[in-house]
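# Summary of the model geometry
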Amino acid sequence: MVHERSVGNERFWVKLGVLFIGMGCAWIATAQQEAQQVIQNRIANFREMGTASKHIKDQLKLKQPDLGLIQDSANLIQDRGAYILDWFPPGSEPPPSKGWLEQLLDWFSSDDAASGVTEDAESHAKPEIWSQRMDFEAAFRRFEAQANKMRQTAQQGQVNTINEQFTKLQESCKGCHDVFRGELD
Amino acid sequence: MADSQRLQYLEKEINIRVWDLPVRVTHWLLAMLVLLSWLTAEYRWFEWHRWSGYSILTLALFRSYWGFCGSTTAQFTNFLYGPGTVGRFARSFFSRTGSTTVVGHNPVGGWNVLAMLLLLLVQCGLGLFAVDVDAIESGPLTRYVSFDVGRLIAELHGTVFYVLTAFIVLHIVAVFAHLLIKRENLIRPMITGVKSVSSGEIPVLRFVAPWRALLALAAIALLVLGLAKGL
């Protein structure tokens, strides 16, 4: 009887150990999943801002631009753009990009994420966003100022001034992208 | 005439005109413009990139037209051969005695030419609809596509460039292979238009007047200009 109880005790500790290891793995996987969520969320938001930017650009080329669409687009850029800093918390750095051989081998991988079958978009965020945070925030403030002015200018409805302000807004977008957004190839 | 003298007469090398001016000018301009397009994309000088692209589109469209209506050696029917001929030419390439000198694009090179021409047309076509990441830089016809589609096209535009580069590298390797292995200079004829052939191999070539080429080029340039303005 004493023998059976000690074996039972050992089995208990083994099971507890396995439970903790399992929880640890799940915690790491969840953290990675959360980081991926943050990355996908910011990519989706930037794409919507890009769509809005394209709407404004296309309208300004017409003889009679749709001011309503321009205003809605300017509002979206300013509304979403206000949260840009929140989209890049520590821990949301994208994984290092793969070399060409690894990318080629990924095509034949049975892992859906690796072979690109899943919907996950690849992040272009450069590590400087976190290592040079002050500069990143300064670039963001320049964009924020232009986005606010764009919203106001769009409300006023004068195509000439909208054109001028849109150029300044685009330059502020570019100011950040040129430094903090990488080309993956 | 003595036998040895007759043999010398038969093997005499003469210079014949092979490539007309439109083909030669198009060839070298395209080479320079593809380089320019690549450089301007690397340095993000997009206004130059667009105009380089419009020029390539004009020349590629013109060359396609000339491939149907131009001089003999320019025509597609002249240099696109079936698999049997392609295989025979490829096998004879390394043989010193059995290989023949081809006037115009050879059976293997001819298909490479077509591939490069088609890729150039596809690349320019994609560029017309490509949208950059912040929608700041974009092709002239992007108002007809959404941001997402424009971004996808931009990525394809980048991929097709690599495919095009592979065919260009193949082309350059082949030209130097001719020079070093077959001892046949293909570069000088593409500059001067004249090739040295042995008198037993002279084909009948028809050359179309350059003014026809100029007219076609002008019409195509107008069309591309219209596209550039977003029509």
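Throughout what follows, the structure given in this document is the object of discussion.

### Examining the overall build of chain B
On a plain count of helices and strands, chain B comes out with nine helices and two strands. Counting from the amino terminus, helix and strand elements in chain B follow one another as α-β-α-α-α-α-α-α-α-β-α. Dimensions of chain B, computed from the C-alpha atoms along their principal axes, are close to 80 × 35 × 30 Å. Among the 231 residues that make up chain B, the fraction classed as buried is 42%. Of the accessible surface of chain B, which amounts to about 13000 Å², a share of 69% is contributed by carbon and sulfur atoms. Between the mean site of the 19 positive side-chain charges and the mean site of the 13 negative ones, chain B shows a separation of 10 Å.

### So, the nonpolar core
With 39 residues, the main nonpolar core has B:Val23, B:Ile56, B:Phe62, B:Trp66 and B:Leu120 as its most contacted residues. Ranked by the residues each element gives to this core, the list is headed by helix α6 (residues 107–128) of chain B, at eight residues. The contacts of B:Ile56, once residues within four sequence positions are left out, are B:Leu30, B:Leu33, B:Val34, B:Ser37, B:Leu120 and B:Cys124. Of all hydrophobic cores here, the second largest spans 28 residues; its members include A:Met49, A:Ala52, A:Phe140 and A:Leu169.

### Some points on the environment of B:Met116
All names here are of chain B. By the secondary structure assignment, Met116 is in helix α6. Of the residues examined, Met116 reaches a relative accessible area of 13% and is grouped as buried. Between the alpha carbons of Met116 and His171 there is a distance of 9.2 Å; along the sequence they are 55 residues apart. Residue contacts for Met116: discarding those within four places in its chain leaves Leu164, Phe167, Ile168 and His171.

### Overview of helix α9 (residues 210–228) of chain B
Along its 19 residues, α9(B) runs 26 Å from first to last C-alpha, staying within 8% of the 27 Å computed at 1.5 Å per residue. One or two residues past the end of α9(B) sits B:Gly230, with phi positive at roughly 90°.

Each value, and the rule that gives it
Residues numbered from 1 in each chain as written. Chains lettered and ligands numbered in written order. Predicted model: local features only at pLDDT ≥ 70, side-chain atom pairs only at ≥ 80, totals over all residues. Heavy atoms only, no water. Helix = DSSP H or I, 4+ residues; strand = E, 2+ residues; numbered from the N terminus. Buried < 20%, exposed > 50% of the residue type's maximum accessible area, 1.4 Å probe, protein only. Areas by Shrake-Rupley, 256 points an atom, 1.4 Å probe, with all protein chains shown as cover. Lys, Arg positive; Asp, Glu negative; His and termini not counted. Charge placed at Lys NZ, Arg CZ, Asp CG, Glu CD. Core = buried A, V, L, I, M, F, W, Y, C linked by side-chain atoms within 4.5 Å. Contact = heavy atoms within 4.5 Å. Expected span 1.5 Å × (residues − 1).

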